[in-house]
Amino acid sequence: MADLNVAVIVKLEPDFSEGNVSYNTDGTLNRAETKSILGPHSAVASSAAFYAKVLYGARVAVTTMGPPIADTALQQAQLLSDADELHLYSDRMFAGADTLATAEVLKTGISKVDGKTDIAFSGHRASDGETGQTGPQTAWKLGFTFLGNVIDYYVDMQSRTVRAKRLISLQGFYDVIEEVEAPLPVFIAIDPSYRASFNTVSQRLTFEKYQKEARDRAQNYKQYLKVFNGQQLGVDPKLVGLPGSPTIVYKVEKIPKAKASRKAQVVEGSSREQLAKVAAKMYEVLGGIVIK
Amino acid sequence: MKYQHLYVVIEHEDGKPLPVSLEMLGEARRLMDGYNKRYSADEKVVAVVLGNDVHRLCEDLIFYGADAVIYADSPELLHTRNLIDTKVISQIATNKELAIKFSGAPGFVKPRYMFFSADNVGRQLSSTVLAELESGLASDINKLVIEDLEIKHQHKTRGEPMIYERTLEMYRPDFSGFLWTTILCLDNRNPEIEREYHPQACSIIPGVFAPIERDSARRGTIVDYAPKFDGRDLRVKIIGRKIVKSAVDFDSKKAVVSFGRGIKDSPEENIKMVAALAKQLEGEVGVSLPISKKPFVVSEGMSSTYMIPDRVIGTSGRKVAPLLYVAAGISGAMQHIAGMKEAGFVVAINPDEDSPIKDECDIFIRGRMEDVIPLLLEELRKQKPAIEVKK
């Protein structure tokens, strides 16, 4: 058993990169035509776990809840984290879950399958659902201290505490970088701006060693993969999936076009003459009608 | 009744409310005025405040629409910490003795509705509080309606039509900005899985709802709550707190030039042009939300300088109000419009005249940005010697 056990929660999400994403003519996402990948925030969380591996020799388990195809997200996360284990929680009974019912599955899995977890990582939020609720709700159910918007962290292995920097933006005021200290176990939702940095030669060598290992492992990721259904996890069927979800999606509609708030003058983009007038207007509204 | 009132969790910095707190109170006031009239009820808008020395703020919250304020005052609550705040808010939300102080109606168990802010703090706090209260939460809401709804749901009602009274319809725009999803938090009435889910809770996007006008003649009840916590609840220590200014500065600039997915045909070159245009106008560069997800492959420098959340304009980013706003290759999803509608003068560059941005701009330049911006830049440079921008 390693001195530090890390779990990473990831999600398979639509790939929003150009060429892979497909939009309907009305501007909405065409899910059928859009590929799925490891979500970008999940990728950042995986790299934060990799940091723990390099610095503290952590054992890393990557976890996701989803359909069988979600194992590709685990594979991509393994490449980024050199995970020792991949856990897929997959069962029809989990389908249709809202964040509370998803958190219930993740909590049960992490506490039963992963055993003693010291740090659980999640991304900031999924790029499709964008609620950012599943992480903190899983943390609360696990009884772990939740630290959100973490941009940097280190672990004091002696005192078993985490020090983390958090970036918080206070609307109408300013941004704050807060430094906090908390005893393990903690749940860290990693900020999108997080970048693992390896400063010493020995860290960089370790990094390279594990990176190579990660590539090998990810090629044979199925060897590391364990799939669990609801019964194997021992979840309460009333607390997961649709029965365990307090919320439902009642309807989905196109957002009605707002009443025009301005009356646009249409200018032909190929007409120099008209663009000259636009340029003059731009300087005018900027308050610079000072002719030399 | 077991479930009563609308609780609004207030965020503040050193006793000064964040704008979203007053916006939530404004919307809460409007909703509950309508609710009380329609159902001949007398349920309250209750502000919940945690902090150190916050009594003065409490009075102000009454002036901004709260009927009652429950506050917990302690040096331990000076700065927000998820763990302890979740505990204290959950204690307040389930305390009948507190509710009886501002409402004579007996039977209170939990709030009927609950609002949080959809910002860094409130998004996480709402999640943990609702996990503790074991009820439903919708995030990033920008429209709310209270209605009696007939629901027929496989699980909630076992497929039978049933009326859910006084249901909060929570509208959330999806990531594309073109779809509205309505979320409901409903009790399970299916006998096999019967369970009550209250409060019906949501986090609200900052900058969407209007606060009501401050009225110092308004009266309400201020209730002091002595929070209970032990050493374990205080295990997160704040060691340092540093105020930082973003490197991206919209507020002191008179012009903002933003770009969106319209850069797609030659992303690298187009971003360079947008940056040149911003420089010419002495403005800052903004982006639409999809750009911060880095949908295009560009050089690392371009990506880390421009395709970042810090530059996002809209409900998921900053609100700006420059004298001049230029939207290049931006279709004008609702979330983006919310971030720039206060601008003095808006110029859009877009090949598609059906884009929603056309209704939000003063000049619509029809054309692709790669064709338009070089010509426009040329004209701006030509005219620059004769015209000087006042600082």
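Criteria and thresholds
- Residues numbered from 1 in each chain as written.
- Chains lettered and ligands numbered in written order.
- Predicted model: local features only at pLDDT ≥ 70, side-chain atom pairs only at ≥ 80, totals over all residues.
- Helix = DSSP H or I, 4+ residues; strand = E, 2+ residues; numbered from the N terminus.
- Buried ≥ 20, exposed ≤ 12 C-beta atoms within 10 Å, placed from the backbone.
- Contact = placed C-beta atoms within 7 Å.
- Domains from an automatic or database assignment.
- Nonpolar A, V, L, I, M, F, W, Y, C, P; charged D, E, K, R; others polar.
- Core = buried A, V, L, I, M, F, W, Y, C linked by C-beta atoms within 7 Å.
- pLDDT = per-residue confidence, 0-100.
- Pairing = 2+ DSSP bridges.
- Expected span 1.5 Å × (residues − 1).

**Some details on the overall build of chain B**
Point 1. Helix and strand counts for chain B stand at 10 helices and 19 strands.
Point 2. Dimensions along the principal axes, computed over C-alpha positions, put chain B at roughly 75 × 50 × 40 Å.
Point 3. By residue count, 53% of the 391 residues in chain B fall in the buried class.
Point 4. Within chain B, contacts between residues at least 6 apart in sequence are counted, and of these 67% link residues at least 24 apart.

**Remarks on the domain arrangement of chain B**
For an interface, size is often stated in terms of accessible area lost upon the parts coming together.
Residues and elements named next belong to chain B.
Point 1. Here chain B is partitioned into domain 1 (3–234) and domain 2 (255–383).
Point 2. Averaged C-alpha coordinates put domain 1 and domain 2 at centres separated by 37 Å.
Point 3. Taken together, the 7 residues of domain 1 in the interface contact 7 residues of domain 2.
Point 4. Of the residues that constitute the side of domain 1 that touches domain 2, the class distribution is 4 nonpolar, 3 polar and no charged.

**Quick word on the nonpolar core**
Point 1. Residues Val8 and Ile188 of chain A together with Val8 and Val48 of chain B are the most contacted members of the largest nonpolar core, which totals 201 residues.
Point 2. It is helix H1 (residues 40–56) of chain A that provides the largest number of residues to this core, a total of 9 residues.
Point 3. When we break this core down by domain, the ones giving at least three residues each are domain 1 (3–234) and domain 2 (255–383) of chain B.
Point 4. Once you skip the residues sitting within four places of it in the chain, Val8 of chain A turns out to touch Ala45, Ser46, Ala49, Val60, Val62, Thr63, Ala77, Ser81 and Phe121 of chain A.

**Details of unusual backbone geometry**
What you tend to see is this: most non-glycine residues have negative phi, and most peptide bonds are trans.
Point 1. That bond from Leu184 of chain A to Pro185 of chain A is cis: its omega, 0 degrees, falls within 30 degrees of zero.
Point 2. Within the secondary structure layout, Pro185 of chain A lies in the loop between strand S9 (175–183) and strand S10 (186–190).
Point 3. Phi angles above zero are rare outside glycine, and Arg160 of chain A is one such case at about 55 degrees.
Point 4. Relative to the helices and strands, Arg160 of chain A resides in the loop between strand S7 (145–156) and strand S8 (161–169).
Point 5. Located in the positive-phi region is Arg166 of chain B, a residue other than glycine, with phi close to 50 degrees.
Point 6. Here Arg166 of chain B is to be found in strand S9 (residues 161–173).

**Describing the confidence of the model for chain B**
Low pLDDT means the predicted atomic positions in that stretch should not be read closely.
Point 1. Here chain B shows a mean pLDDT of 93. Residues at 70 or above account for 98%.
Point 2. Of the two predicted TM-score estimates for the complex, the pTM is 0.86 and the ipTM is 0.90.

**Let's talk about the interface of chain B and chain A**
Point 1. Contact with chain B, which involves 95 residues of that partner, is made by 86 residues of chain A.
Point 2. A class-by-class count of the residues in the side of chain B that touches chain A yields 50 nonpolar, 20 polar and 25 charged.
Point 3. Sheet topology note: the strand S12 (residues 247–254) of chain A/strand S10 (residues 179–185) of chain B ladder contains 7 bridges and is antiparallel. Note on S10 of chain B: the bridge partner recorded for Lys254 of chain A is Leu179 of chain B.

**Looking at helix H10 (residues 369–383) of chain B**
Point 1. When the terminal C-alpha atoms of H10 of chain B are compared, their 20 Å separation across 15 residues agrees well with the 21 Å that a helix rising 1.5 Å per residue should span.
Point 2. Among the residues of H10 of chain B, those classed as buried are Met369, Val372, Ile373, Leu375, Leu376, Glu379 and Leu380 of chain B.
Point 3. In the core, the buried residues of H10 of chain B are packed alongside helix H7 (272–285) of chain A together with helix H6 (267–280), strand S16 (324–328), strand S17 (345–350) and strand S18 (363–366) of chain B.

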